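Inside the fold
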Amino acid sequence: MVSLEEFRAYRSPLKDFYDGKYVLLTGGSGFVGKLLIEKLIKCNVAEILLILRRKKGLSPTERLEQLLGKEAVFVNYEKDPQLYLSKIRLIEGDISEVGVGISNDDLAYIYERTNIIVHAAADVRFDESLKESIQTNVRGTQEMLKIAEKCRQLEIFTYISTAFSHCVLGVIEEKFYDPPLDPSVLIKASESENDADVFEQLSKKLIEPWPNTYAFTKSLSEEMIRRYKAKLPVAIIRPSIITTTMEDPIAGWTDNLYGFNGVVCGAATGVLRIFHIHMDYKASIVPADTVINATLAVTWYAASHREEDNVYNCTTDDNPVSWRETQHQLEHWKDRIPFDKSLWITTYNTTRFKLVADVLSILYHVLPALFFDALLQLGGQKPRVLKLYRKVHRFSAVLRFFTNNQWCFRTARMRRVLDAMATDDQQYFPCDAKAIQWNSFLDHQIKGLRQYLMRDPWSTLEKSVRRHRLRTFAHWCLLAVLYGGMLYLVVKVLHAYGYIDFTGLHESNLEECLEAEVI
């Protein structure tokens, strides 16, 4: 990890671009947003204008204090809270509201000061209603663009989309695509209270062939960006499946259970035992810090190349890894750093056949869940394992599209940005997929998921290892009893139907014994 002092000591066009700038940031309380805050403060921006809404009875100020004090990603906060508090100006607002719900005084401040806008806010739930997704992802982007129009010192508006915004295509270029439908029409339809029920009933038809409302609305949001291209300097970055950090600012950090992180945690805790996936397909995963550094590099580059179509794919197609390779590397750790908060030992199985996965989920998930729930009820506790597996099955269902298809993401434009970066920037803003050492990254990932996501302190490791060994022994004993019982039943059935005859075997053994006695 590079220290704050070392980072600020070096000079380059990329880093100097952010020095003293006012950055308007949405989505700062999310996974990507937290990493952006940490990096922007390192870059010595003048101020981060952070749009934050009230949530669960907490004011934006209370949420920020909780955020900074809780997350390990803010590596200098404990030592120097003022470093963060002096650089962050809270703007109360809600991206899902018309006008983003920002007060006139705050808007005036934004219009006067803002140099850079990074729009990272999004509803990332795959199973969200189409209405909510449109109002947050599409209308929210439109409202931010309207604000950007009035920013007198704006240099660049960067939108963080997704590489799967056009996942209905096999090859995804770094360019704008025609939208599936007119986003303005869909915004109006989502706002109509009279047709709300009809709108949701039609949603499945509307989003076809997109796999979910998230990818669909991201493609519409990109169209919103294109419509403002003649008015504003804009850039789009499309990351693929974002996982944990590789090293910046700390290795293995994450705060969310979505996507690949959820699969690894599910397997490591013994919860996910069968998964529908094509193991030989490319795993379109990308380290989170690669995405953050690429976003900042793209923002810098696009600000001085406004005439270009600044659309960039942030993927690892230049250094691919398959799902099988990721599993092979992660399995090295299953007996060495077992998770303390686990249901059972890791028994992760995969198949590329949906029917097989559905049948095995009954054997591997539903039946054991019923068994565990019965034990909980006998102990006077509330059954909860079957409820957990309902969530697991919903999670698996939304990921099937991405784990059983693969894409070719073009990255020539992103490569142009990398080539424009100074040598030191390659070290302090590492975002070249070719430099990723997958084995090292995956080692950091599994450790980080245990420590940061599952909140298992390393002080529990010795206890977890002992319990893991006992569970492994119990697991093999259960298998021996189960398969032994099944073999016994099969033999009994075959004997009953005359396929196996033990009579001759008994007589032969008796004769051999008598002959032995005579001799």
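Residues numbered from 1 in each chain as written. Predicted model: local features only at pLDDT ≥ 70, side-chain atom pairs only at ≥ 80, totals over all residues. Heavy atoms only, no water.

**Comments concerning the overall build of the chain**
Counting secondary structure elements, the chain contains 20 helices and 13 strands. Expressed as lengths along the three principal axes of its C-alpha atoms, the size of the chain is roughly 110 × 55 × 50 Å. Across the 519 residues of the chain, 53% fall into the buried class. Look at the contacts in the chain between residues 6 or more apart in sequence, and 84% of them connect residues 24 or more apart. Put simply, the chain shows about 24700 Å² of open surface, and 55% of that area lies on carbon and sulfur atoms. If the 63 positive side-chain charges of the chain are averaged to one point and the 65 negative ones to another, these points end up 3 Å apart. (Helix = DSSP H or I, 4+ residues; strand = E, 2+ residues; numbered from the N terminus. Buried < 20%, exposed > 50% of the residue type's maximum accessible area, 1.4 Å probe, protein only. Contact = heavy atoms within 4.5 Å. Areas by Shrake-Rupley, 256 points an atom, 1.4 Å probe, with all protein chains shown as cover. Lys, Arg positive; Asp, Glu negative; His and termini not counted. Charge placed at Lys NZ, Arg CZ, Asp CG, Glu CD.)

**Here's the deal with the UniProt feature "transmembrane region" (unreviewed entry) in the chain**
Per the UniProt record, the feature "transmembrane region" (unreviewed entry) sits at residues 473–491. Along residues 473–491 one finds 100% helix and 0% strand; the C-alpha atoms at either end are 27 Å apart. (UniProt positions renumbered as here; feature names shortened; annotations may be inferred.)

**Examining the environment of Lys-87**
Within the fold, Lys-87 resides in the loop between helix H5 (81–85) and strand S3 (88–92). The exposure class of Lys-87 is buried, given its relative accessible area of 15%. Sequence spacing of Lys-87 and Ala-122 is 35 residues, and the spatial spacing of their C-alpha atoms is 24 Å. With sequence-adjacent residues up to four places away left out, Lys-87 is seen in contact with Ile-41, Asn-44, Val-45, Ala-46, Glu-47 and Ile-48.

**Overview of the packing of aromatic side chains**
According to the stated counting rule, one finds 23 aromatic pairs in the structure shown. Note on Phe-74 and Tyr-84: the rings are 5.8 Å apart at their centroids and 80° apart in plane angle, and the pair reads as edge-to-face. Taken as a pair, Phe-74 in the loop between helix H4 (60–70) and H5 and Tyr-84 in helix H5 lie far apart in primary sequence, ten residues in all. In this structure, Phe-74 and Tyr-84 share a single accessibility class: buried. Put simply, the rings of Phe-126, Phe-164, Tyr-214, Phe-401, Phe-402, Trp-407 and Phe-409 touch in pairs and so form one group of aromatic residues. (Phe/Tyr/Trp six-rings, centres within 6.5 Å; stacked < 30°, edge-to-face > 60°.)

**Description of helix H6 (residues 104–113)**
Those residues of H6 that fall on the buried side of the exposure criterion are Asp-106, Leu-107, Tyr-109, Ile-110 and Tyr-111. Lining the buried residues of H6 we find strand S1 (22–26), strand S2 (47–52), S3 and helix H7 (130–149).

**A closer look at the side chain of Thr-141**
On the secondary structure map, Thr-141 appears in helix H7. Polar contacts involving the side chain of Thr-141 include one to the side chain of His-119, which spans 3.2 Å. Apart from residues no more than four positions distant in its own chain, Thr-141 is found in contact with His-119, Thr-136, Tyr-159, Ser-221, Met-224 and Ile-225. (Polar contact = N/O pair within 3.5 Å; in protein donor to acceptor, adjacent residues only side chain to side chain.)

**Focus: helix H14 (residues 354–378)**
Note on helix geometry: an α-helix contains 3.6 residues per turn, so any two residues three or four positions apart are oriented the same way. Counted at 1.5 Å a residue, the expected span for H14 with its 25 residues is 36 Å, and the 35 Å between its end C-alpha atoms agrees. Ser-361 marks where H14 bends most, by close to 35°. Within the sequence span of H14, burial applies to Ala-357, Ser-361, His-365, Pro-368, Ala-369, Asp-373 and Leu-376. Structurally, H14 contributes buried residues whose contacts are with strand S9 (274–276), strand S12 (349–351) and helix H15 (385–403). A positive phi of about 80° marks Gly-380, the residue just after H14. (Expected span 1.5 Å × (residues − 1). Bend = angle between axes of the 7 residues up to and from the residue.)

**What to know about the sheet that holds S3**
The strand order across the open sheet built from seven strands is S3-S2-S1-S4-S5-S7-S11, with neighbouring strands paired in parallel fashion. Each edge of the open sheet is held by one strand with a lone partner, namely S3 and strand S11 (311–314). In this sheet, neighbouring strand axes are inclined to one another by 20° on average, regardless of whether the strands run parallel or antiparallel. Here strand S5 (residues 156–160) runs beside strand S7 (residues 234–239); their pairing, made up of four bridges, is parallel. Along S7, the bridge assignment pairs Thr-158 with Ala-235. (Pairing = 2+ DSSP bridges. Axes fitted to C-alpha atoms, helices over the stretch in contact; angles between N-to-C directions.)

**With respect to the pattern of salt bridges**
This structure, assessed with the given rule, holds 33 salt bridges. The salt bridge partner of Arg-410 is Glu-173, with a shortest N-O separation of 3.8 Å. A residue pair is termed long-range when its members are at least 10 positions apart, and Arg-410 in the loop between strand S13 (408–409) and helix H16 (412–420) and Glu-173 in the loop between strand S6 (171–172) and helix H8 (183–191) qualify at 237 residues. Note on Arg-410: relative accessible area 39%, which makes it partly exposed. A salt bridge links Arg-226 to Glu-223, with the shortest nitrogen-to-oxygen separation between them at 2.9 Å. A residue pair is termed a helical-turn pair when its members lie 3 or 4 positions apart in one helix, as Arg-226 and Glu-223 do in helix H10 (residues 213–227) at three residues. Take Glu-223: its relative accessible area is 8%, and that puts it in the buried class. Because the salt bridges share partners, they merge into one network encompassing Asp-178, Asp-182, Glu-223, Arg-226 and Arg-227. (Salt bridge = Lys/Arg side-chain N within 4 Å of Asp/Glu carboxyl O.)

**Quick word on the environment of Ala-268**
The residue Ala-268 is located in helix H11 (residues 259–268) in this model. Ala-268 sits 166 residues away from Lys-434 along the chain, and the two C-alpha atoms are 28 Å apart.

**As for a positive patch on the surface**
Taken together, the side chains of Lys-382, Lys-387, Arg-390, Lys-391 and Arg-394 define a basic patch exposed on the protein surface. Take Arg-394: it is sitting in helix H15. (Patch = residues over 30% accessible without salt bridge, like charges linked within 9 Å, V, L, I, M, F, W, Y side chains within 5 Å.)

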